[in-house]
Amino acid sequence: MTSLKAYILTRLILSIPMIFILLTVVFVILRILPGDPVLAIVGMKASEEQLEKLRRQLGLDKPLWMQYIDYVMSILRLDFGRSMIWGRRPVLTEIMDHFPATLELSVSAFIVSVGIGIITGLLSSLKPSSKVDVSLRIFSIVAYSLFIPLLGMILQLIFGVYLRILPVAGRKSPLVDIQTMTGLYIIDSILTLNLEGLITSIRYLILPSITLGVVLSGVYTRLVRSSMLDVLSADFIRALKARGIPKKQLLFKHALKNAFIPILTMMGLQFSILLAGAVLTETTFSWPGMGTFLMERIEYRDYTTVQGTIVFFALLVSLVSLAVDVVYALIDPRIRY
Amino acid sequence: MARTTLIAIIVAVVIIAVAAGYFLMQKPSEITPPPEEKPPEEKVIIIGTTDKVTDLDPAMAYDFFTWEVLSNVGEGFFKYEPETLELVPGLAESYEVQEGGKVWILKLRKGLKFRDGTELTAEAAKWSIERVARIEGDPAWFVTDFVDKVEVVDKYTLKITLFQPVAFYKAVLAVPTYFPISPNSYPADEISPDNTAGGIGPYYIEKFVRDQELVLKANPNYYEKPKTDKIIIKFYKDATALRLAIESGEIDIAWRTLNPSDIVDLKKKEDLQVIEGKGAFIRYIVFNSRIPPLDNKLVRQALAAALDRKAIVDKVFLGTVTPLYSLVPAGMWGHIDAFKDKYGEGPNYDLAKQLLQQAGYSETNKLKIELWYTPSHYGSTEADVAAVIKESWEKTGMVEVEIKSAEWSTYIELTRGQGLPVTLYGWYPDYLDPDNFLFPFLHTDSNRWLGKPYSNPDLDVILEEAQVETDKSKRADLYAEAQRILADDAPIVPIFQGKLFIVAKKNVKGIVLDPYMLLRYWLIYKE
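Computed from a predicted model, the values in this text were never measured in an experiment.

K.L.:
So what exactly am I meant to see when it comes to the overall build of chain A here?
P.N.:
Looking only at helices and strands, chain A has 13 helices and 0 strands in total. Starting at the N terminus and walking to the C terminus, you meet the elements of chain A as α-α-α-α-α-α-α-α-α-α-α-α-α. Counting only C-alpha atoms and orienting by the principal axes, one finds that chain A spans roughly 85 × 60 × 40 Å. The burial tally for chain A puts 53% of its 337 residues in the buried class. By element, 71% of the accessible surface of chain A is carried by carbon and sulfur atoms, the whole surface being about 15,500 Å². Side-chain charges of chain A comprise 32 positive and 22 negative groups, with the mean position of each set lying 13 Å from the other.

K.L.:
Would you take a moment to explain the interface of chain A and chain B for this structure?
P.N.:
Accessible area lost upon the coming together of the parts is a frequently used measure of interface size. Contact residues are listed per partner, giving 63 residues for chain A and 63 residues for chain B. Buried area between chain A and chain B, summed over both chains or domains, comes out near 5,500 Å², and the portion from carbon and sulfur atoms is 63%. The interface formed by chain A and chain B includes 6 salt bridges. When the shortest N-O distance is used, the salt bridge between Lys53(A) and Glu136(B) registers 3.0 Å. Where chain A touches chain B, the interface holds 12 residue pairs in polar contact (both at pLDDT 80 or more). Secondary structure elements with two or more residues in the side of chain A that touches chain B: helix 2 (37-42), helix 3 (48-57), helix 5 (91-126), helix 7 (148-162), helix 9 (195-232), helix 11 (247-284) and helix 12 (290-299) of chain A. Residues that form the side of chain A that touches chain B fall into these classes: 32 nonpolar, 15 polar and 16 charged.

K.L.:
Can you walk me through the pattern of salt bridges in this structure?
P.N.:
Where charged atoms from two side chains of opposite charge approach closely, those side chains can pair. Scanning the model with the defined rule gives 49 salt bridges over all chains in all. Ionic pairing is found between Lys207(B) and Asp177(A), a salt bridge with its closest N-O pair at 2.9 Å. You can see Lys207(B) sitting in strand 8 (residues 203-209) and its partner Asp177(A) sitting in the loop between helix 7 and helix 8 (185-191), one on each of two chains. A relative accessible area of 51% places Asp177(A) in the exposed class. Residues Asp302(A) and Arg297(A) are paired through a salt bridge, measuring 3.0 Å at the closest nitrogen-oxygen approach. You can call Asp302(A) buried: its relative accessible area is 0%. Given the relative accessible area of 2%, Arg297(A) is considered buried. One continuous salt-bridge network, built from bridges that share partners, spans Arg89(A), Glu94(A), Asp97(A), Glu296(A), Arg297(A), Asp302(A), Lys52(B), Asp194(B), Arg210(B) and Asp211(B).

K.L.:
What am I meant to see in unusual backbone geometry here?
P.N.:
A negative phi holds for most residues other than glycine; trans holds for most peptide bonds. All names here are of chain B. Cis geometry is adopted by the peptide bond preceding Pro293, which originates at Pro292 and carries an omega value of 0°. Among the structural elements, Pro293 can be located in the loop between strand 12 (272-287) and helix 9 (297-306). Between Gly346 and Pro347 the backbone carries a cis peptide bond, its omega angle lying at 0°. Relative to the helices and strands, Pro347 resides in the loop between helix 11 (338-343) and helix 12 (349-358).

K.L.:
How do you make sense of a nonpolar patch on the surface when you look at a structure like this?
P.N.:
All names here are of chain A. Taken together, Phe147, Leu150, Ile154, Ile158, Tyr162, Leu163 and Leu280 make up a surface patch of nonpolar side chains, about 700 Å² in accessible area. If one sorts the elements of the nonpolar patch by residue count, helix 7 sits on top with 4 residues. Inspection of the secondary structure assignment puts Ile154 in helix 7.

K.L.:
How should I be thinking about the packing of aromatic side chains in this particular structure?
P.N.:
Residues and elements named next belong to chain B. All told, the structure shown has 35 aromatic pairs over all chains when counted by the stated rule. Of the aromatic side chains, those joined through ring pairs into one cluster are Tyr62, Trp67, Phe78, Tyr95, Trp104, Trp141, Phe142, Phe146, Phe168, Tyr169, Tyr178 and Tyr431. The side chain of Arg109 reaches across the aromatic face of Tyr223, ending 3.6 Å from its centre. Over the ring of Tyr343 we find Lys342; its NZ or CZ atom is 6.0 Å from the centre of that ring.

K.L.:
I tried to follow the pairing of strand 1 (residues 44-49) of chain B on my own but got confused; where do I start?
P.N.:
Here is the key point about a regular strand: its side chains alternate between the two faces of the sheet. Residue and element names in this part refer to chain B. Most of strand 1 sits out of view: 6 of its 6 residues are buried. Residue alternation in strand 1 divides its side chains into two sets, Val44, Ile46 and Gly48 and Ile45, Ile47 and Thr49, and both sets are buried. In this structure, strand 1 lies alongside strand 10 (residues 230-235), joined through 6 bridges in parallel fashion. Its bridge partner being in strand 10, Thr49 is matched across the sheet by Phe235. Summarising the sheet, strand 1 and strand 11 (residues 253-254) pair through 2 bridges and their orientation is parallel.

K.L.:
Is there a simple way to think about the packing of helix 7 of chain A against helix 7 (residues 239-247) of chain B in this case?
P.N.:
Helix-helix packing is described using two parameters, namely the angle between the two axes and the distance between the axes. It is at 10 Å that the axes of helix 7 of chain A and helix 7 of chain B come closest, and there the two elements cross at 20°. The angle between helix 7 of chain A and helix 7 of chain B places the two elements in the roughly parallel class. The handedness of the crossing between helix 7 of chain A and helix 7 of chain B is right-handed. Contact residues: helix 7 of chain A offers Met153(A), Gln156(A), Leu157(A) and Val161(A), while helix 7 of chain B offers Thr240(B), Leu244(B) and Glu247(B).

K.L.:
I would appreciate a short explanation of the nonpolar core in the present structure.
P.N.:
A general tendency of soluble globular proteins is for nonpolar side chains to be buried together. Judged by nonpolar contacts, the single largest core of 216 residues is most densely connected at Phe77(B), Ile160(B), Tyr169(B), Tyr178(B), Tyr284(B) and Trp393(B). For this core, the element with the most residues is strand 12 of chain B, which contributes 8 residues. Apart from residues no more than four positions distant in its own chain, Tyr178(B) is found in contact with Phe77(B), Ile129(B), Phe142(B), Val143(B), Val147(B), Tyr169(B), Val172(B) and Leu173(B). Core analysis: the second largest hydrophobic core is formed by 24 residues, Tyr220(A), Leu250(A), Leu256(A) and Phe260(A) among them.

K.L.:
What should I look at first to understand the sheet that holds strand 6 (residues 147-154) of chain B in this one?
P.N.:
In any sheet, the strands associate via hydrogen bonds between backbone groups, in a parallel or an antiparallel arrangement. Residue and element names in this part refer to chain B. One open sheet accounts for 4 strands, arranged 4-5-7-6; its pairing is antiparallel. Taken across any chain shown, the strands that pair with only one partner, and hence form the sheet edges, are strand 4 (92-98) and strand 6. Between one strand axis and the next, the sheet turns through 20° on average, direction left out of account. With 5 bridges connecting them, strand 5 (residues 103-108) and strand 7 (residues 157-162) associate as antiparallel partners. Across the sheet, the residue bridging to Val103 is Thr161, located in strand 7.

Reading the values: the criteria
Residues numbered from 1 in each chain as written. Chains lettered and ligands numbered in written order. Predicted model: local features only at pLDDT ≥ 70, side-chain atom pairs only at ≥ 80, totals over all residues. Heavy atoms only, no water. Helix = DSSP H or I, 4+ residues; strand = E, 2+ residues; numbered from the N terminus. Buried < 20%, exposed > 50% of the residue type's maximum accessible area, 1.4 Å probe, protein only. Areas by Shrake-Rupley, 256 points an atom, 1.4 Å probe, with all protein chains shown as cover. Lys, Arg positive; Asp, Glu negative; His and termini not counted. Charge placed at Lys NZ, Arg CZ, Asp CG, Glu CD. Contact = heavy atoms within 4.5 Å. Buried area = accessible area lost by both parts, 1.4 Å probe. Salt bridge = Lys/Arg side-chain N within 4 Å of Asp/Glu carboxyl O. Polar contact = N/O pair within 3.5 Å; in protein donor to acceptor, adjacent residues only side chain to side chain. Nonpolar A, V, L, I, M, F, W, Y, C, P; charged D, E, K, R; others polar. Patch = residues over 30% accessible without salt bridge, like charges linked within 9 Å, V, L, I, M, F, W, Y side chains within 5 Å. Phe/Tyr/Trp six-rings, centres within 6.5 Å; stacked < 30°, edge-to-face > 60°. Lys NZ or Arg CZ within 6 Å of the ring centre and 35° of its normal. Pairing = 2+ DSSP bridges. Axes fitted to C-alpha atoms, helices over the stretch in contact; angles between N-to-C directions. Parallel < 35°, antiparallel > 145°, perpendicular 65-115°, else oblique. Left-handed = near helix turned anticlockwise from the far one by under 90°. Core = buried A, V, L, I, M, F, W, Y, C linked by side-chain atoms within 4.5 Å.

Next comes the structure, spelled out in structure tokens:
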């Protein structure tokens, strides 16, 4: 087994206890929180008999330790259980219904943030302490400290209400049908050759992804700038300059390439922040993704759904960070595990 | 090489995204044709709401919005005539009441079919009612509390025998829980929460994507043709998003629930209309008379007298609600302004001070109470409601109020369990009859959900009598007496009655807002 394969395997094994610790913490916190899920489900007018019956059906009449063991056993069988409210749909189905929306938003916001970050960071590093540099650095601080709902609302007002050129909420026009296969509307529209669907999905995606992307771009701007400055002052760049390599080639082929490792690290770290930001963005734009879904289910104390969703997120974050580590190794031959 | 490719891909994607964005912004009209540009044969109305669909099964649904959807994709034996509270035949073309109101004979319309082709027969109707009782969902009590047995007389005639005569049973028969559904589309013994089959109504559900959209199409099997072929309901997360959607022209109608300030602002928009209607939902304060010092009637009366309803209506709701002086909403038969008769329009600080003094309180020995509210269940205005109530009570100089709050699931748990001294609650009626505004609150065996705040055997007798009395004027007298007792004992104090507001584009017509409160989509059309 190569060292990389061994590393991947170890990381995967290590993520198992991590997920169980998280699962236990979530399980305990949900039960410590005041609020009776059964009452929240059936409404305050329900009779005692109705409450008891539902408590039994949901297994909430058992002692806590037994509920915990039941839950862990079902997770081991990869059974996320059923939601406790509104039709008791399987948690995995609920996740699969909502996750594509979050994924689509996150990916597009990620592209926006990295794009803005690289362009502004690069411009900023070309002439340090120039007017351009100072303004872009200020931009990065402002962008990072912007409150997502505030920026979202400003964009909604400008492009939705005043100019009326972009939609303010939702994922697609209600007048356009998209046949879903992956749940990612852009991909689905391409797969089904639905031009109308593609256009509406992109239009609805623009404002939310710009909102989230701009806020997250500040980090990249600063990182690209400092990383580029480091690289540009390195000996090998000076040597290349001395050899008369054209500036463009120097910047893009040699400097940016080498400055990319810390940026890649940041991309991995930013992933969980991206998901957290997606929650706020989803609420602002009524985007039917995981964020709004999770918030709503926490309010209703839908134990199984909240637990399942958090386990899902934990798995996702650990897989992404593992993937980032693997990409390092592939990009930079010096990195060995 | 790999890094260069990666950078190239990223740059290309950004450029494409920017170019696409620019292109799309340049030609908005060509990209999404507004509804009116659709082919004329299909008329579409888009309604935005912050509500959500819970369980699309009449045996389980028990919330305002899901009932609204069910009322548009199904129908009961009776239905409310728009603009009035009169119950007219729905799927039952005629009916007969026997044995002093104990037996109901319903003759169904012939030739109606469910979406799956099954014919509407007495057998299907019986199956639907018995299914509700079997499943024992949240609204099962509409059947189990009243119905002894359901029998099929002939193919189109149904006989319902009640345990005892119920004066308002016709209204109960109109609730969605009684809507006939097809035995071939719903399981007999279990809930079918995402079932889009529906009953027999003006529309059927063409598509339902939870949290996103619900598409309804005119039902060719229904006996009347809706004015609009297709209704699309879009779901929004909050009032702000809903407001932006109507302002940007994305939707034709913004229905529940905009903030009071949004309604005031949108009234000024030239391209929009704000339609106002009477609502039958009420808000009230519950004094738990088992908890000292609220076990003292004088204390409850003093607080009832010092309540400044006008300040709540004007300051918090900007005039979008009206003060209420009984639990029975104004405009409903049987209503009397019991609290106004007893305490005046309010706030009546002189009377409040006098009562507090009688109860042993003074400016140096203040009455100390906790006032509880829940921050989001009744909208974002709730904290302000609590603050204004505190202010009005403290103006007596003899009361000190501590405001406390809890999230909804905790709030109702605390109310039912240990009991909270003073709480704020609201009520959407199940059926339109004074009984539904008095019995669940005041009858000893029925108000456990409010933490059993009150018990009065004399009042219990009056309420029970009013339930079985079939003479409407006698019932009105009984309810008037019940409301006077309520005002005197003051275990629950009404605050205000809600109005209904819809913001719509100027060319949208046919919106009926009446105390039934559920929007009838089939009457709405665009000019």
